[in-house]
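Now for the letters of each chain:
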Amino acid sequence: MTEIRTPRLILRRWTDDDLVPMAEINADPEVMQWIGDGAVRDLEETAEDIERWEEEWDEEGFGLFAVELIGSGELIGFAGLSVPEFLPEVLPAVEIGWRLGRPFWGQGYASEAAHAALEFALQDRGLDRVIGIAHISNTASENVMRKLGMVPERETTHPAFGTPLRVHAIDLSEYQA
């Protein structure tokens, strides 16, 4: 089982116990406002998401980690790597992404988890380039991307929803952990 520890977090594969807390995160309209069309996701949709994320681990050798707090064991969301199939114009590519519950915003957890995921991409999976995709108005995610050393590469629109997106990228040969 792939597991990464940071000073405050554990990034790990998904378990059955993660379904309800992740569904609660996905049911928050503020959390979901920058995801796809902004729609919240219910328990069944979250179960399908987790199943798809686990399949990506099996198929690609990387995926989205469940992120928990070391102190409490509480699931706070996810961070990790995925193939951004929703945006064919950037393929082939590997995207870094994260989604945290609102109580965990503004505490540096997204940056901490994303740094660990970038190190995993470079050191464990040998990837040489990673992108990040954010809604142009999602300044919090773009701030995390800047902290990671990612630079804006292009602007585009979400093919299904027409929302404006900005693609950031980092050459991992230049990444400073």
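In what follows, the structure referred to is the one given above.
Residues numbered from 1 in each chain as written. Predicted model: local features only at pLDDT ≥ 70, side-chain atom pairs only at ≥ 80, totals over all residues. Heavy atoms only, no water.

K.L.:
Explain the overall build of the protein to me, and be specific about the residues and the numbers.
P.N.:
A count of helices and strands for the protein gives five helices and eight strands. Secondary structure elements of the protein occur, N-terminal to C-terminal, as β-β-α-α-α-β-β-β-α-β-α-β-β. The globule rule puts the C-alpha radius of gyration for 177 residues at 16 Å, and the 15 Å found for the protein is close to it. Taken over the C-alpha atoms alone, the protein extends approximately 40 × 35 × 35 Å along its principal axes. In the protein, buried positions account for 50% of the 177 residues. As displayed, the protein offers around 8,700 Å² of accessible surface, 48% of which is attributable to carbon and sulfur atoms. (Helix = DSSP H or I, 4+ residues; strand = E, 2+ residues; numbered from the N terminus. Rg over C-alpha atoms; globule rule 2.2 N^0.38 Å. Buried < 20%, exposed > 50% of the residue type's maximum accessible area, 1.4 Å probe, protein only. Areas by Shrake-Rupley, 256 points an atom, 1.4 Å probe, with all protein chains shown as cover.)

K.L.:
Any details on the pairing of strand β3 (residues 64-69)? Residues and values, ideally.
P.N.:
The element β3 is largely enclosed, with a buried count of six among its six residues. Neither face of β3 is exposed, since Leu64, Ala66 and Glu68 on one face and Phe65, Val67 and Leu69 on the opposite face are all buried. Both strand β2 (residues 9-12) and β3 contribute to a ladder of four bridges, which runs antiparallel. When the bridges of β3 are listed, leucine 9 appears paired with leucine 69. Between β3 and strand β4 (residues 75-82), which pair antiparallel in sequence order, lie five residues; one of them, glycine 73, sits at a positive phi of approximately 75°. (Pairing = 2+ DSSP bridges.)

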